[in-house]
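Secondary and tertiary structure notes
Read off the chains here:
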Amino acid sequence: EAQVTQNPRYLITVTGKKLTVTCSQNMNHEYMSWYRQDPGLGLRQIYYSMNVEVTDKGDVPEGYKVSRKEKRNFPLILESPSPNQTSLYFCASSDGSDYGYTFGSGTRLTVV
Amino acid sequence: GQSLEQPSEVTAVEGAIVQINCTYQTSGFYGLSWYQQHDGGAPTFLSYNGLDGLEETGRFSSFLSRSDSYGYLLLQELQMKDSASYFCAVVGSGNTGKLIFGQGTTLQVKP
């Protein structure tokens, strides 16, 4: 089944403890992206990637890192999480042909 | 700056037609996409307009006017399952993968 898989689905962590949210797609898509969703603010792009080793900042990149060493994986790294990074996170991928993204199921992160 | 404007809420009855508007101001523009999101779920892609005009996909249609920086999503023969949030999103110029979403419109379909 074609899909984008994120892990974990839910995570509660403490301020300052490094964490990684994994994202993997099995559709051989070139484009991958991370978003955060907060009430009243819609979906905001954190980072995006056009291909392996090609990444760029979205609208809200502060406090996040990404890497794209393989085409299928695009992990999101929070080196020192803070409570304002409590949010619902989505990973998405696209082959760019119809400019439509397939989203993962989301990761609900709480930083206390 | 960059901004997309959508109504925050729309209510309609089953079987009716509803139009969700989206106006945008962005520094780069390649096209306009629409996504649906049910409560607690992931956004799902509905349509894309790269050129002016109407794109039809079943009960859903999407329209774009580049000169007016305006688009809309038209939902026909509304069903209860269409109750969801709908987001317009600007695809950035050059199709680099940059995607800017509006804040979303919550559609409530009533019997």
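One can find the structure itself at the top, above this paragraph.
The structure contained in this document is the topic of the report that follows. (Residues numbered from 1 in each chain as written. Chains lettered and ligands numbered in written order. Predicted model: local features only at pLDDT ≥ 70, side-chain atom pairs only at ≥ 80, totals over all residues. Heavy atoms only, no water.)

Here we take up the state of the cysteines. Tallied over the entire structure, the rule returns two disulfides over all chains. The disulfide that involves Cys23(A) links it to Cys91(A), with 1.8 Å between the sulfurs. Its torsion about the S-S bond being -70°, the disulfide of Cys23(A) and Cys91(A) is classed as left-handed. With Cys23(A) in strand β3 (residues 19-25) and Cys91(A) in strand β9 (residues 87-94), this pair connects stretches of sequence that are 68 residues apart. The burial state of Cys23(A) is the same as that of Cys91(A); both residues are buried. Here Cys22(B) connects covalently by a disulfide to Cys88(B), the sulfurs 2.1 Å from one another. Negative torsions about the S-S bond denote left-handed disulfides, and the value of about 75° found for Cys22(B) with Cys88(B) makes this one right-handed. Of this pair, Cys22(B) sits in strand β3 (residues 18-25) while Cys88(B) sits in strand β9 (residues 84-91), and the two are 66 residues apart along the sequence. Comparing Cys22(B) with Cys88(B) shows no difference in burial state: the two are buried. (Disulfide = S-S within 2.5 Å. Helix = DSSP H or I, 4+ residues; strand = E, 2+ residues; numbered from the N terminus. Buried < 20%, exposed > 50% of the residue type's maximum accessible area, 1.4 Å probe, protein only.)

Right, let's get into the nonpolar core. Counting 23 residues, the largest nonpolar core has Leu32(B), Trp34(B), Leu75(B), Tyr86(B) and Leu107(B) as its most contacted members. Those elements giving two or more residues to this core turn out to be β2 (9-13), β3, β4 (31-37), β7 (60-65), β8 (70-75), β9 and β11 (105-110) of chain B. Beyond its immediate sequence surroundings of up to four residues, Leu75(B) is in contact with Ala16(B), Ile17(B), Val18(B), Ile20(B), Arg59(B), Phe60(B), Tyr86(B) and Leu107(B). Counting residues in each nonpolar core, the second largest holds 18 residues, with Val21(A), Met32(A), Leu78(A) and Leu109(A) among its members. (Core = buried A, V, L, I, M, F, W, Y, C linked by side-chain atoms within 4.5 Å. Contact = heavy atoms within 4.5 Å.)

Strand pairing within a sheet occurs via backbone hydrogen bonds; the two strands may be parallel or antiparallel. Residues and elements named next belong to chain B. Here we have five strands laid out as an open sheet, ordered β1-β3-β8-β7-β6, and antiparallel in their pairing. What marks the edges here is a single partner per strand, and that holds for β1 (3-5) and β6 (53-57). Here the strands of the sheet are splayed against their neighbours by 15° on average, with no regard to which way each runs. As paired strands, β3 and β8 are joined by six bridges and run antiparallel to one another. (Pairing = 2+ DSSP bridges. Axes fitted to C-alpha atoms, helices over the stretch in contact; angles between N-to-C directions.)

Attention shifts here to the packing of aromatic side chains. Following the criterion strictly, the structure yields 13 aromatic pairs over all chains and no others. The interplanar angle of 90° and the centroid separation of 5.4 Å between the aromatic rings of Tyr35(A) and Phe101(B) together place this pair among those described as edge-to-face. On the criterion of chain membership, the pair formed by Tyr35(A) in strand β4 (residues 31-38) and Phe101(B) in strand β10 (residues 99-101) is interchain, its members lying in two chains. Residue classification places Tyr35(A) among the buried positions, given a relative accessible area of 0%. We classify Phe101(B) as buried; its relative accessible area is 8%. Geometrically, the ring pair formed by Phe87(B) and Phe101(B) is edge-to-face, given 6.2 Å between the ring centres and 80° between the ring planes. (Phe/Tyr/Trp six-rings, centres within 6.5 Å; stacked < 30°, edge-to-face > 60°.)

Tallying the contact residues gives 21 residues for chain B and 22 residues for chain A. When the two sides are added together, the surface that chain B and chain A hide from each other amounts to roughly 1,800 Å², 53% of it contributed by carbon and sulfur. For the interface between chain B and chain A, the tally reads one salt bridge. In this structure, the connection of chain B to chain A is made through four residue pairs in polar contact (both at pLDDT 80 or more). Breaking the side of chain B that touches chain A down by element, the ones donating at least two residues are β4, β5 (44-49), β9 and β10 of chain B. Partitioning the side of chain B that touches chain A into residue classes produces 11 nonpolar, nine polar and one charged. (Buried area = accessible area lost by both parts, 1.4 Å probe. Salt bridge = Lys/Arg side-chain N within 4 Å of Asp/Glu carboxyl O. Polar contact = N/O pair within 3.5 Å; in protein donor to acceptor, adjacent residues only side chain to side chain. Nonpolar A, V, L, I, M, F, W, Y, C, P; charged D, E, K, R; others polar.)

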